[in-house]
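Commentary on secondary and tertiary structure
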Amino acid sequence: MLARQMKTALQGLWPEELQALALAAGQPAFRAKQLWQWVQVRGATRWEQMGNLPAAWKSALAATHTPEPIRIIKETADAGGTRKWLGGLDDGECVETVLIPARDWTTVCLSTQVGCRMGCAFCASAKGGFARSLSAGEIVGQFQLVMAATGRRPDNVVYMGMGEPFDNYDEVLKSIRILNHPDGLNIGARRITISTSGVIPGIRRLAGEGLQVELSVSLHAVNHELRRQLMPIENKYPLTELLAACRDYTAATKRFVTFEYTLIRGVNDSARDAEELAKHLRPFSCRVNLIPLSPVPEFAGEAPTRVAIEQFQQTLAARGVSVTLRESKGKDVNAACGQLRRQHRLPQPSD
Ligand code: SAH
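Let me sum up the structure you'll find in this document. These numbers come from a predicted model, not from an experiment.

Note on strand geometry: in a regular strand, side chains alternate between the two faces of the sheet. Burial of strand β10 (residues 192–196) is extensive: 5 of the 5 residues sit out of reach of the surface. Alternating positions in β10 separate into two faces, Ile192, Ile194 and Thr196 on one and Thr193 and Ser195 on the other, with burial throughout. Sheet topology places strand β9 (residues 156–159) next to β10; 3 bridges connect them, and they run parallel. In the sheet register, Val157 faces β10, and the bridge partner there is Ile192. Taking the sense of rotation as the criterion, the β-α-β connection linking β9, helix α6 (residues 169–179) and β10 turns out right-handed. Where β10 and strand β11 (residues 214–218) come together, 4 bridges link them in parallel fashion. Opposite Thr196, over in β11, you have Val217 as the bridge partner.

See the structure below:
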C-alpha cells in the first residue's frame, strides 16, 4: 500500500525555512516571524487562530503544510496526576505522550518513532511493531499538544517514549534544537534528556553537537549474556564499548550519564547483580536510575518486591554509586512505553 502524501508539520520548521516559504509566496519576511510565534510560542494548531496572517497565504500553505500534525485520540490519567495521551498522526498512525508531575515541576515524555526496532524483551513498544520514524514536527508537536491540553508549559523534556531516539537521529536533533531555540519555547538543553538503548554512533555524534543535553543509557544488565537476552542491541554494541562511549560523552560534554536499570524479579535484581553493577560503574561519574518493571502481557516477568528493590538500591549506595528509584508512576495509565498504542491497536483485525 502506498503511503498517503503527508503534509509537512509547521512545528518542525526552522525560522529560516518559514521565511523561505513566506518569500516564495511573495509575503514579507515578518510574516514568517508571526507564523513561528503562533506555532511555536502560542501553540496554535488551527489556521483560524492565526488572525494576523493573510487568509490567502494561509489557504495556499494549507495545501502542503499543517499546524496540527498530531490530534488527541484518547486521554488517560491516574491518581498520582500522571496524564497520558494517544495522539493520532496524519497517516493514521498513533504515538503516546506522557506528562509526569513532580513536586515543583512537570516532565513531558516524548515519542520519537511509531513502534521501535530495538526489540527489548520487556518493552511494549517493540511488541507493537515498527511502523516509521517521526518527523521533527511530530516530535515538537507532542509538546504543544500537552500545552494545549493542560494550558501549561512543561518544564522538562525526556525522550523516553516510544522508539529509539538514535534510530531517528536527525529529526530528534532538529526537534531538540527547535525546543531549545531562544526565540521559541527556549527549553534549556539541561532540561532535555535523551534516553538510548545503547546506540554507540548516536552517543558519539551527540557528544560533538555542542549541546549540553542530558544523556540516559538503558543498561538493565552488566553481564553480556544476560544483557543480550534482554536487549538484542547488545549483540551489535556490546557493553564494554558502550561504557567507553559513555565515558567519552562525559569527557566531551562535562555531563554525567544516567544509567537506567529496569529491575526484574529473579533476573537482574540479586545482591550479586548490584555488586557487579557497582563494580562496572565505579570508574564513572554517573547516576543510576532504578525502574521497577512495569508488567507487560507479552513478557513473563515481574517487578521485585519493595524490600528487594530497596536492598538493591542500598547495595549500590553503599558502594558509592549515586542511585535514584523511579516510582512506577503511571502504571495504572499504562505508562510503560507503547502500552497504550498497543491496546488501541489490539482490536484491529489487520494486526
Ligand atoms: N529506546 C530508548 C528510550 C525509550 S524507553 C531506551 O531504550 O532508552 C525508556 C526506558 O523505559 C528505557 O530504559 C526502557 O528500557 C524502559 N522500559 C521499557 N519498558 C519497560 C517496562 N515494561 N518496565 C520498566 N521499564 C521499561
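Structure's up, so let's keep going.
Attention now goes to the site of the ligand. Near the ligand you find 20 residues, and of these Gly163, Ser195, Ser218, His220 and Ser294 are the closest. In this structure, a nitrogen atom belonging to the ligand sits 2.8 Å away from a main-chain N or O atom of Ser294. Burial of the ligand by the protein amounts to 95% of the accessible area it has alone, namely 530 Å². Among the secondary structure elements, those contributing two or more residues to the shell around the ligand are β10, β12 (257–263) and β13 (286–292). Residues of the shell around the ligand, tallied by class, amount to 9 nonpolar, 9 polar and 2 charged.

Once that is clear, we can look at empty space enclosed by the protein. Under the criterion given, the structure shown has 1 cavity of 30 Å³ or more. Space inside the largest cavity adds up to approximately 40 Å³. If you go around the largest cavity, the residues you meet are Gln11, Thr45, Pro67, Glu68, Pro69, Ile70, Gly141, Gln144 and Leu145. Looking at the lining of the largest cavity, the element that brings in the most residues is helix α5 (residues 136–150), giving 3 residues. Here the lining of the largest cavity is built from residues that sort into 4 nonpolar, 4 polar and 1 charged.

What counts and how
Residues numbered from 1 in each chain as written. Predicted model: local features only at pLDDT ≥ 70, side-chain atom pairs only at ≥ 80, totals over all residues. Heavy atoms only, no water. Buried < 20%, exposed > 50% of the residue type's maximum accessible area, 1.4 Å probe, protein only. Helix = DSSP H or I, 4+ residues; strand = E, 2+ residues; numbered from the N terminus. Pairing = 2+ DSSP bridges. Right-handed = clockwise from strand over helix to strand, strands pointing away. Near = heavy atom within 4 Å. Polar contact = N/O pair within 3.5 Å; in protein donor to acceptor, adjacent residues only side chain to side chain. Areas by Shrake-Rupley, 256 points an atom, 1.4 Å probe, with all protein chains shown as cover. Nonpolar A, V, L, I, M, F, W, Y, C, P; charged D, E, K, R; others polar. 1 Å grid on protein atoms, 1.4 Å probe; cavity = no way out; pocket = protein on both sides within 12 Å on 5 of 7 lines; lining within 4 Å. Points joined across faces, edges and corners; volume = space filled by probe spheres on them.

By themselves these figures say nothing about function.
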